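Chain residues, written in single-letter form:
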Amino acid sequence: MIISHHHRFIFVKTHKTAGSSLEVALAQECQGNDIVSHMEDNIGNGTPRNYGPDSWLGPAYNSSKYVRKVVGRHSPLLGAFYYEHMPAARIRELVGDDVWDSYFTFCFERNPWDKAVSYYLWKQYGQGRAMPSFGDYVEKKPHRLPRDAQLYFDGDDVLVDRVFEFRELGAALEELRGHLNLELPEPLPGEKTGVARERKHYREYYDEHSKARIADLFSREIALMGYQFDD
């Protein structure tokens, strides 16, 4: 998640859409008063900045897993706190309508049948977690799936100005360069890549039930972007 006051944009970070690579590239364009949330492995490298929490509890929250379990990320005790996969509605609440409405707000989306497989493999191989079969994961753990409509929708309304298509990343970068006067590299920095190099095509992970389950769980993304299972 990035708020650039210098370039007047807000980037809402979704899952498995080159978001970490985009965040690294966009952060290089940011200035001292901009807000860049931290990722799992970059807290101490100087890239994240100004993300808070800005209350007296902030230092303890950032350093203690126990405090993070007890205190929710939207608790009034924390004040302003900006984090990696933060809902657009919460960002708007913190920055105010004037900033939200005057900045260019955007995110990226990906075919959900493809994204669910990518997310599952990231958990299995990228994080080394013991995972059930893909079909069981879709059926029994829907709350664990990367259902990113909840990050940039409010009910049936899209909150951001632009939802870019992950598969058209090159065109999206070109549009961002021109619209925001950015010098984004291409290719992007390779963050969180190289997982599951032997991966099959996503269609091979599905049966009819799991295919229909994803269609139901990701109905807003599918309707917005016109995704189909055979894309």
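Just above sits the structure.
Residues numbered from 1 in each chain as written. Predicted model: local features only at pLDDT ≥ 70, side-chain atom pairs only at ≥ 80, totals over all residues. Heavy atoms only, no water.

Engineer: Looking at this structure, how should I read the packing of helix 6 (residues 112–126) against helix 10 (residues 208–217)?
Structural biologist: For any two helices packed against each other, the geometry is given by the interaxial angle and the distance between the axes. One way to put it is that helix 6 packs onto helix 10 with a least axis distance of 10 Å and a crossing angle of 105°. In this view, helix 6 runs roughly perpendicular relative to helix 10, as classed from their interaxial angle. Side by side, helix 6 and helix 10 meet where Pro 112, Trp 113 and Ala 116 of the first sit next to Lys 211, Ile 214 and Ala 215 of the second. Counted by class, the contact of helix 6 with helix 10 contains five nonpolar, no polar and one charged residues. (Axes fitted to C-alpha atoms, helices over the stretch in contact; angles between N-to-C directions. Helix = DSSP H or I, 4+ residues; strand = E, 2+ residues; numbered from the N terminus. Parallel < 35°, antiparallel > 145°, perpendicular 65-115°, else oblique. Contact = heavy atoms within 4.5 Å. Nonpolar A, V, L, I, M, F, W, Y, C, P; charged D, E, K, R; others polar.)

Engineer: Got a minute to help me understand unusual backbone geometry in this structure?
Structural biologist: Glycine aside, residues mostly have negative phi angles, and peptide bonds mostly take the trans form. The amide bond that connects Gly 52 to the next residue, Pro 53, takes the cis arrangement and shows omega of -5°. The linkage connecting Glu 186 with the following residue, Pro 187, adopts the cis geometry, with an omega of 5°. Structurally, Pro 187 can be placed in the loop between helix 9 (169–180) and helix 10. Positive phi is not limited to glycine here, since Lys 16 has a value of about 55°. Summarising the element assignment, Lys 16 is placed in the loop between strand 2 (9–11) and helix 1 (19–27). The phi dihedral of Ala 18 is positive, around 65°, even though this residue is not glycine. Mapped onto the elements of the fold, Ala 18 is located in the loop between strand 2 and helix 1.

Engineer: Is there a simple way to explain a negative patch on the surface in this structure?
Structural biologist: On the surface, Asp 97, Asp 98, Asp 101 and Asp 161 cluster together into a negatively charged patch. Within the secondary structure layout, Asp 101 lies in helix 5 (residues 97–102). A relative accessible area of 61% places Asp 101 in the exposed class. (Patch = residues over 30% accessible without salt bridge, like charges linked within 9 Å, V, L, I, M, F, W, Y side chains within 5 Å. Areas by Shrake-Rupley, 256 points an atom, 1.4 Å probe, with all protein chains shown as cover. Salt bridge = Lys/Arg side-chain N within 4 Å of Asp/Glu carboxyl O. Lys, Arg positive; Asp, Glu negative; His and termini not counted. Charge placed at Lys NZ, Arg CZ, Asp CG, Glu CD. Buried < 20%, exposed > 50% of the residue type's maximum accessible area, 1.4 Å probe, protein only.)

Engineer: What am I meant to see in the environment of Tyr 61 here?
Structural biologist: For Tyr 61, the position within the fold is in helix 2 (residues 58–63). For the pair Tyr 61 and Leu 78, spaced 17 residues apart in sequence, the C-alpha to C-alpha distance is 8.2 Å. Not counting residues within four places of it along the chain, the set of residues in contact with Tyr 61 comprises Pro 53, Val 67, Arg 68, Val 71, Gly 72, Arg 73, Leu 78 and Phe 81.

Engineer: Help me understand the side chain of His 15 in this model?
Structural biologist: You can see His 15 is positioned in the loop between strand 2 and helix 1. A polar side-chain atom of His 15 sits 2.7 Å from a polar atom in the side chain of Asp 148. Contacts of His 15, omitting those with residues within four sequence positions, involve His 85, Lys 115, Tyr 119, Pro 146, Asp 148 and Leu 151. (Polar contact = N/O pair within 3.5 Å; in protein donor to acceptor, adjacent residues only side chain to side chain.)

Engineer: Can you walk me through the pattern of salt bridges in this structure?
Structural biologist: Oppositely charged side chains can pair when the atoms bearing their charge come close. For the coordinates displayed, the defined rule picks out twelve salt bridges. Residue Glu 165 is joined to Arg 167 by a salt bridge in which the shortest nitrogen-to-oxygen separation is 3.0 Å. Among the salt bridges present, the one from Glu 174 reaches Arg 177, with a minimum N-O distance of 3.0 Å. Taken together, the residues Glu 174 and Arg 177, both in helix 9 and three residues apart, mark about one turn of the helix. Accessibility expressed as a relative area gives 17% for Arg 177, which makes it buried. Put simply, Lys 13, Glu 23 and Glu 84 are held in one network by salt bridges that share partners.

Engineer: I tried to follow the nonpolar core on my own but got confused; where do I start?
Structural biologist: Most often, soluble globular proteins keep nonpolar side chains buried together rather than apart. By size, the foremost hydrophobic cluster in this structure holds 29 residues, and its most contacted members are Ile 3, Val 12, Tyr 82, Ile 91, Trp 100 and Val 160. One finds Phe 9, Cys 30, Val 36 and Phe 164 within the second-largest nonpolar core, a separate group that totals 21 residues. (Core = buried A, V, L, I, M, F, W, Y, C linked by side-chain atoms within 4.5 Å.)

Engineer: It is not clear to me how helix 10 should be interpreted in this structure. Could you clarify?
Structural biologist: When we look at burial in helix 10, the residues that qualify are Ser 210, Ile 214 and Leu 217. Each buried residue of helix 10 lies within a common arc of 70° when the element is viewed along its axis, so the set occupies one face. Exposed side of helix 10, more than 90 degrees from the buried face: Glu 208, His 209 and Asp 216 are the residues found there. On its buried face, helix 10 is in contact with helix 6, helix 7 (134–140) and helix 11 (219–225). Looking at where helix 10 begins, the residue whose side-chain oxygen comes 3.1 Å from the main-chain nitrogen of His 209 is Asp 207. (Arc of directions from axis to C-beta.)

This is a description of form; function is not addressed.
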